[in-house]
Each structure stands twice: as C-alpha cells, then as structure tokens.
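Residue-level structure breakdown
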Amino acid sequence: MDQPSNLLLKLSRRLFDDATEQEKFIDALIHPQPFHPCIVWGREKRSPFKIEPPISWQPYFVDRLSFGEKPGQHPLHNEGYYYCLDFSSVFAAMSLLAVRSPINTIFDMCAAPGGKSIFAWRALQPQLLVCNEAISKRIGMLISNIKRCRISPVIVISKDPGDLKQIFCSSQLVIVDAPCSGQSLLAKGSKLPGCFHPNTINKNANRQKRIIANSAQLVAPQGYLAYMTCTYSVEENEQVCEWLLEKFPQFQAVDVSELVEYQSQLTNLPCYRLFPQSKLGTGAFTALFQNTGVGEVKNLDVEMLQQVGIRYKLNDVNHTDAEKKVVEGLFIGNNF
C-alpha cells in the first residue's frame, strides 16, 4: 500500500483527534516496520538470545528479543521451552492477569494456533485447560503447539460455539480471541484487500457478537470473560463490548491496572488498545468482564461429552502409566 485509501483515512480520523497521531498510524500501515520477536516461556528460562529491556507491564515469563534473533529456529523451541508470540498478542492477553486466582477451568473458545491458551496456562496455572477450535483444518497446528509446549492437563475439541452450552456448564474463565477483519496485519506487510470496507467489518462484528454471546453463557458465576481482537475498527471492538453488557447485564467490565495508559478513548468502558505507531506491536484490543451473578459452579461433564460424541484429546505427557489408561479411556471419535 503506497497511499492510504479513503476508508483508511476515515478510520484514522475516527480513532484519533490529533492529526499527528493520524499520520503516524497511517504511516505504520503503509510503511511496515519490523517488530521485536517475542517468546512466552512455559518452562524454566534458558535463554540463549539477546533480550530487550522489559517494559513496565511485561510479564516475567515473556521476553522481547533483539532484532535478528530467530527463536523459532532454536532447539529450545522444538523442545517446547517457549512459544513464539508477537508482542501485540501479549498485550491482548494481559487482561487475563486481572483475573483473580485460583482458576480451576479455562475455556479458550477460538484457540488455534494456541498462543493465548499457552499464555493463560502459564499465567494462571488452571487445573484444566479446554481449547476449542471450530475450524477443523486449524486443529492440527493447535494440538501440535499444545503437545510441543507440554501443556497439561488440556482437552482439545472442535465445535461451533453455539453447540457448547449443552456440554460445558460453566468455566471460571472463557477467552474469546475473536475472528476479525485483521487490519493490524497490514503493519506486518500483509495484503488484506477490503479489510476496511464496511461490509467486511459488519460481517465480522455480527460473527463476533454471536461468538461472545454463546461464550458468555459458559461463564460461571463470578467467573470472567476476556475479549480480544487484532483489528482497529470500533464496530469489532468497543461496540461489541457495549453490546455484550446490554445483552447480558449481569456482566460488568473489569479494570486492568497494568494497561491504564492504553485506555481506549472511544468508550467509557475499561477497554485497551495498542497501536502500531507505539513500535511495540502491530496492534491489539482487549477487555475483561466478570459475571456478577450468583449460583453453583458446575464442572465438566465427561459423560455428556461421550453422549454428544465430541472429539477431543487430553494431553498426557506428565501422567503415570496408570493415569494414562484412564486418559486413553476418554478418547472419543477421531484422535486428531
């Protein structure tokens, strides 16, 4: 993209009142610059890389690496010591750190390729992680990353969000890293024709509302719902959050103190944005909500899983031989 489109110019004016920020935002998209590689450590640090100084809110288990480092090619990557996750995704996942521990069950609704799931597992150490990916062709890479990083215990399933209410009664944390128009990928140099078009944005916003509505019904009383995207449009971000609170008044938005300087100026809700002109990452949006309702927290019903024939896999890398026999008895349908 050599020149900004009229739709990009319109978006920049909507996002920023200051003309200088508008120009910086547009320049970051039409002249992409490299961003520092980033890794999330799942095991003890054995870093052979040159590390950038951490910023104030950066988790201790995350490292930003110097330019030129290639963590995906190092043997420690193949051995599962860390997961390569861009820093914008780390920013989005920071809302999870405002969740009150301990957390028994985490449900990641749109899990592939697995980065947010691995971050959540590392940060909150749940008793069980459930990773769902509705697009079956993405399941392979999700399971590969989960197995490589030795995440346990975890169940991987592939179901449409609308089919999950009958199976998973409640989870203390549900993550919705929502499919979106992906506008921030332009800051990486990707070509995304039509990503600023109103039809594309509205289609994604409607899909996001359907996903987040189904996800909200899986959140246990006093549990949390985290919403994230990698796009800039207001319709896919702040307006989805406002719609959620109108649709489900038992939810309330939660402040994320570490991200207060990134507060969105487009809503009064505690929603947070990272923009590419920050030089930290391509951009992200994140918000956290809590279900203020009261009631019983119902655990995962394995018998129900068997009745509906859900295909899933429980990572058993840390189990004893006796435990593995139990785990093997839980495999249903095709083993991915």
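Calculation criteria
Residues numbered from 1 in each chain as written. Predicted model: local features only at pLDDT ≥ 70, side-chain atom pairs only at ≥ 80, totals over all residues. Heavy atoms only, no water. Pairing = 2+ DSSP bridges. Helix = DSSP H or I, 4+ residues; strand = E, 2+ residues; numbered from the N terminus. Axes fitted to C-alpha atoms, helices over the stretch in contact; angles between N-to-C directions. Phe/Tyr/Trp six-rings, centres within 6.5 Å; stacked < 30°, edge-to-face > 60°. Buried < 20%, exposed > 50% of the residue type's maximum accessible area, 1.4 Å probe, protein only. Lys NZ or Arg CZ within 6 Å of the ring centre and 35° of its normal. 1 Å grid on protein atoms, 1.4 Å probe; cavity = no way out; pocket = protein on both sides within 12 Å on 5 of 7 lines; lining within 4 Å. Points joined across faces, edges and corners; volume = space filled by probe spheres on them. Salt bridge = Lys/Arg side-chain N within 4 Å of Asp/Glu carboxyl O. Expected span 1.5 Å × (residues − 1). Core = buried A, V, L, I, M, F, W, Y, C linked by side-chain atoms within 4.5 Å. Contact = heavy atoms within 4.5 Å. Parallel < 35°, antiparallel > 145°, perpendicular 65-115°, else oblique. Left-handed = near helix turned anticlockwise from the far one by under 90°. Nonpolar A, V, L, I, M, F, W, Y, C, P; charged D, E, K, R; others polar.

**Topic: the sheet that holds strand 2 (residues 62–64)**
- Spatially, the 3 strands line up as an open sheet ordered 2-1-3, and their pairing is antiparallel. Two strands close off the open sheet at either side, each with one partner strand: strand 2 and strand 3 (82–84). Ignoring strand direction, the axes of neighbouring strands in this sheet form an average angle of 25 degrees.
- Two elements, strand 1 (residues 38–41) and strand 2, share 3 bridges in a ladder whose sense is antiparallel. Residue pairing in the sheet places Val-40 in a bridge with Val-62 of strand 2.

**A closer look at the packing of aromatic side chains**
- A full pass over the atoms with the stated rule returns 15 aromatic pairs.
- Judged by centre distance (5.5 Å) and plane angle (55 degrees), the ring pair of Phe-16 and Phe-25 falls under tilted. Comparing Phe-16 with Phe-25, the two get one shared label, buried.
- Here the aromatic rings of Tyr-60 and Phe-61 are separated by 5.2 Å at their centres, their planes lie at 90 degrees, and the arrangement is edge-to-face.
- Tyr-60 sits in the exposed class, given a relative accessible area of 59%.
- An aromatic cluster of at least three residues, connected via ring pairs, comprises Phe-16, Phe-25, Tyr-232 and Phe-275.
- Just above the ring of Phe-87 sits the side chain of Arg-64; from NZ or CZ to the centre is 5.5 Å.

**Side note on the layout of surface pockets**
- Here the largest pocket is characterised by a volume of approximately 800 Å³.
- Contributing to the lining of the largest pocket are 38 residues, with Ala-112, Pro-113, Arg-138, Asp-177 and Ala-178 lying nearest its centre.

**Some details on the pattern of salt bridges**
- Counted by the stated rule, this structure contains 8 salt bridges.
- We note a salt bridge from Lys-24 to Glu-21, for which the minimum N-O separation is 3.8 Å. Residue Lys-24 and its partner Glu-21 are both found in helix 2 (residues 19–30); the two are separated by 3 residues, about one turn of the helix.
- For Glu-21, a relative accessible area of 26% translates into the label partly exposed.
- Ionic pairing is found between Lys-116 and Asp-177, a salt bridge with its closest N-O pair at 2.9 Å. With Lys-116 in helix 5 (residues 115–124) and Asp-177 in strand 7 (residues 171–177), this residue pair connects regions lying 61 residues apart in the sequence.
- Lys-116 sits in the buried class, given a relative accessible area of 9%.

**Considerations on helix 7 (residues 198–216)**
- Compared with an ideal rise of 1.5 Å per residue, which puts 19 residues at 27 Å, helix 7 spans 26 Å between its outermost C-alpha atoms and is within 8% of the ideal.
- By the burial criterion, the buried members of helix 7 are Ile-201, Asn-204, Ala-205, Gln-208, Ile-211, Ile-212, Ala-213, Asn-214, Ser-215 and Ala-216.

**Comments concerning the nonpolar core**
- Of all hydrophobic cores here, the largest spans 48 residues; its most connected members are Trp-57, Val-90, Leu-96 and Leu-173.
- Once residues within four sequence positions are removed from consideration, Trp-57 is found in contact with Phe-87, Val-90, Phe-91, Met-94, Glu-258, Leu-259, Glu-261, Tyr-262 and Leu-280.
- Ranked by size, the runner-up nonpolar core spans 30 residues in total, among them Cys-110, Ala-216, Tyr-227 and Leu-245.

**With respect to unusual backbone geometry**
- A cis amide bond, omega 0 degrees, links Ser-101 with the succeeding residue Pro-102.
- Mapped onto the elements of the fold, Pro-102 is located in the loop between helix 4 (87–93) and strand 4 (105–108).
- The omega torsion across Ala-112 and Pro-113 is 5 degrees, close enough to zero to call that bond cis.
- Mapped onto the fold, Pro-113 is located in the loop between strand 4 and helix 5.
- Its identity is not glycine, yet Gln-125 carries a phi of approximately 50 degrees, on the positive side.
- For Gln-125, the location among the structural elements is in the loop between helix 5 and strand 5 (128–132).
- Here Gln-125 falls in the partly exposed class, since its relative accessible area comes to 48%.
- Despite not being glycine, Lys-279 shows a phi value in the positive range, around 70 degrees.
- With respect to the helices, strands and loops of the structure, Lys-279 is situated in the loop between strand 10 (271–274) and strand 11 (284–291).

**Thoughts on the packing of helix 1 (residues 6–15) against helix 2**
- Where helix 1 contacts helix 2, the two axes come as close as 9 Å, and the packing angle between them is 140 degrees. Considered as vectors, helix 1 and helix 2 are oriented oblique to each other. Considering how the two elements wind past one another, helix 1 and helix 2 form a crossing that is right-handed. In contact with Leu-8, Leu-9, Leu-11, Ser-12, Arg-13 and Leu-15 of helix 1, helix 2 contributes Gln-22, Phe-25, Ile-26, Leu-29 and Ile-30.
- Looking at side-chain class alone, the contact of helix 1 with helix 2 contains 8 nonpolar, 2 polar and 1 charged residues.

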